[in-house]
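Structural characterization, general
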Amino acid sequence: MLRVTGLDVFIDASHILRDVSLEVGERQVVCLVGRNGAGKTTTLRTIMGYRRPARGTIAFRDAALERMPTHAIAARGLAFSPEDSGIFADLTVAENIEIATWTRPTGRPGAERIARAYDVFPRLRGYAARGGTQLSGGERKMLSIARALALDPELLLLDEPFEGLSPAIIPTLAESLAAITRLGCGLLIAESNIHHVPPWTDRLYVIERGEIIFAGTLDQAHRDGSVLRVIGGKAS
Amino acid sequence: MLGGVFHAAVLFLVAAGLQLVFGVQRILNLACGSFYALGAYTGVSAVGWALGAGLPAPLFVLVLLAAGVALAAIGPPIERLLRTIYDRDEAFQLLLTFALVLMLEDVIRFVWGTAPVQLGGVYLVYGQARIASTTVPVYNLVVIAAGALIALGMGWFLARSRFGRIVRATAENREMAEALGVDMSRVYVRVFTLGVGLGTVGGALVIPATAAMNEMGIELIVEAFAVVVIGGLGSMRGAAAGALIVGVLKGVAIATWPEVEMLAIYVIVIAVLVLRPAGLFARATA
Ligand SMILES: Nc1ncnc2c1ncn2[C@@H]1O[C@H](COP(=O)(O)OP(=O)(O)O)[C@@H](O)[C@H]1O
Ligand SMILES: [Mg+2]
């Protein structure tokens, strides 16, 4: 469904991504794992059209995304939840979620899309009238993902969804992500802690200094010496 | 005092346009004063023409409104021109919008000449009202009401309409809005045009009570910036409060001690800068 091939990205004069290739099949769950500063965020932001690659292609279904503006990429069905959640503090929780239903009409009615978002994150239902500032860090993460889901996407890009969450909510969020995949959505998750990678992940890529150094299953990663050297040493 | 509120109503329109464009597009648009001047000149011509064509005099205010609104059509091409500087630093933005000020001044000079243009006494068709021992033209009250209505309308639009919510989301986090499918170029054209329209309507409404002069744009932009500093950059409520403060202060100063008119405004500006540098209605987020 998403095929990234040979991506080279420069920020100012530094070469940040080198020949990055990765693939997410229909309804698949794929994790991009790497230490801080490895290039995960840059990869997701380049896919979303915020950065232009110097070389390489990004294909989503039949469309070439690498020259498309971000809003057109969203219109194709790619949704994004950034590292900092990107909640609109000036809007209520309900308005944050609704926006996506106004900008991208799909076959599914807006009310149903909103209901699906609340079904996946039931906690948000009680907060619908709250302002974006009155949420905890974990609630912001949930709202950010719920809002992305309301876009009715084919593929969700999540940048460090578990980062900064209390250990008590991590399983809840993992269960919500599983629920999203049951709705038929693909997931591409950037993660710096391999222990957060859900066991039902289809494939995992390890990125280090802007290069993909491993591609395979979670089991294979746990047995791979070079992967363990890069990220395995980090205790959960 | 009422003269001050009248001035505040017009000032609010221009400052609201400035705030809206800055809040969403992050451009400090010096030319918003020129839109105001252009609105004034166009208003004079439109009313002159309409009365000549046999329009009953009491309807002239509708002609002014229509002229102001129609003139907002210059918004999209000008926004097109400004698009090149969205990602440049403020110095370029100020330079280009200042170039726009000079260009629009030339346009005015070319079309209407250099002498002040006046509408005459039509605005007195509504008569005078006697309020607390002073008389004011009823027209001034109409403009105050129109300013208040537009302020309420803008408030409703930003708070409740879909596009208003999208505008607020964009103002807060442009990249996130784009990822949610918001086409920035469309939002920018509409917001900019709305900003132009607020300025041109303000200019058209003010003109019956004064004369259109080429300097009026520059004069107003100075006051509009004072409003913005007092109210807080990017805030609509700030624009309304700041316009009232500046307008009333100016009215009182002119009535009591005309020499200190500008000084009085700047004392307030400096006081706000010292005590509350972000303005009275600074947004928590911006
Ligand atoms: N806006 C930026 N300006 C300069 N360097 C950046 C910028 N964004 C990212 N980088 C650099 O790119 C590298 C990859 O960063 P990033 O993609 O954020 O990594 P990750 O998300 O894996 O932590 C880092 O070395 C970082 O310093
Ligand atoms: Mg990151």
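Keep in mind that this is a model prediction, so the values were computed, not measured. (Residues numbered from 1 in each chain as written. Chains lettered and ligands numbered in written order. Predicted model: local features only at pLDDT ≥ 70, side-chain atom pairs only at ≥ 80, totals over all residues. Heavy atoms only, no water.)

1. Here we look at the overall build of chain B
Looking only at helices and strands, one finds twelve helices and four strands in chain B. Over its C-alpha trace chain B gives a radius of gyration of 19 Å, about what one expects of a compact globule, namely 19 Å for 286 residues. Out of the 286 residues belonging to chain B, those deemed buried represent 53%. The contacts of chain B with a sequence gap of at least 6 include a subset with a gap of at least 24, amounting to 76%. Of the roughly 12500 Å² of accessible surface on chain B, 70% is carried by carbon and sulfur atoms. Both charge centroids of chain B, one from 17 positive and one from 15 negative side chains, sit 12 Å from each other. (Helix = DSSP H or I, 4+ residues; strand = E, 2+ residues; numbered from the N terminus. Rg over C-alpha atoms; globule rule 2.2 N^0.38 Å. Buried < 20%, exposed > 50% of the residue type's maximum accessible area, 1.4 Å probe, protein only. Contact = heavy atoms within 4.5 Å. Areas by Shrake-Rupley, 256 points an atom, 1.4 Å probe, with all protein chains shown as cover. Lys, Arg positive; Asp, Glu negative; His and termini not counted. Charge placed at Lys NZ, Arg CZ, Asp CG, Glu CD.)

2. So, the pairing of strand S10 (residues 211-216) of chain A
All names here are of chain A. The sheet contact formed by strand S9 (residues 203-208) and S10 spans five bridges and is antiparallel. By the bridge assignment, Val206 is partnered in S10 with Phe214. In textbook terms, the turn of a hairpin is the stretch between consecutive antiparallel strands, and for S9 and S10 this stretch comprises two residues, one of which, Arg209, has a positive phi near 50°. (Pairing = 2+ DSSP bridges.)

3. Thoughts on the coordination of the magnesium ion (ligand 2)
Residue and element names in this part refer to chain A. Distances from the magnesium ion (ligand 2) to its protein donors, Thr41 (OG1) and Glu83 (OE), fall at 2.0 to 2.7 Å. Taken as a pair, Thr41 in helix H1 (residues 40-47) and Glu83 in the loop between strand S6 (78-81) and helix H3 (93-103) lie far apart in primary sequence, 42 residues in all. On the basis of relative accessibility, which here comes to 29%, the residue Glu83 falls in the partly exposed class. (Donors = N, O, S within 2.8 Å, 3.2 Å for Na, K, Ca; no water.)

4. With respect to the nonpolar core
Counting 173 residues, the largest nonpolar core has Leu2(A) and Ile180(A) as its most contacted members. Ranked by residue count, the leading element in this core is helix H1 (residues 2-25) of chain B, at 13 residues. In this structure Ile180(A) touches Val120(A), Phe121(A), Ile145(A), Leu149(A), Leu156(A), Cys185(A) and Leu187(A), once residues within four positions along its chain are discounted. (Core = buried A, V, L, I, M, F, W, Y, C linked by side-chain atoms within 4.5 Å.)

5. Quick notes on the interface of chain B and chain A
Across the boundary between the two partners, chain B contributes 19 residues, which contact 22 residues of chain A. Around 1900 Å² of area is buried between chain B and chain A when both sides are counted, 62% of it from carbon and sulfur atoms. Applying the counting criterion to the chain B and chain A interface returns three salt bridges. As a salt-bridge pair, Glu95(A) and Arg165(B) come within 2.5 Å of each other at their nearest N and O atoms. At the boundary of chain B and chain A, one finds eight residue pairs in polar contact (both at pLDDT 80 or more). Those elements that place two or more of their residues in the side of chain B that touches chain A are helix H7 (162-172) and helix H8 (174-179) of chain B. It is H7(B) that contributes the most residues to the side of chain B that touches chain A, six residues altogether. Residues that form the side of chain B that touches chain A fall into these classes: eight nonpolar, three polar and eight charged. (Buried area = accessible area lost by both parts, 1.4 Å probe. Salt bridge = Lys/Arg side-chain N within 4 Å of Asp/Glu carboxyl O. Polar contact = N/O pair within 3.5 Å; in protein donor to acceptor, adjacent residues only side chain to side chain. Nonpolar A, V, L, I, M, F, W, Y, C, P; charged D, E, K, R; others polar.)

6. With respect to the environment of Leu38(B)
All names here are of chain B. Note on placement: Leu38 falls in helix H2 (residues 32-52). Taking the C-alpha atoms as reference points, Leu38 and Gly199, separated by 161 residues in sequence, lie 8.8 Å from one another. Contact partners of Leu38, with chain neighbours within four places excluded, come to Leu71, Ile74, Leu104, Ile108 and Trp112.

7. Topic: the state of the cysteines
Residue and element names in this part refer to chain A. The final tally for this structure, using the stated rule, is zero disulfides over all chains. Of the cysteine sulfurs around Cys31, a residue in no disulfide, the closest is that of Cys185, at 15 Å. Here Cys31 falls in the buried class, since its relative accessible area comes to 1%. (Disulfide = S-S within 2.5 Å.)

Remember that the coordinates give geometry; whether it matters functionally is a separate question.
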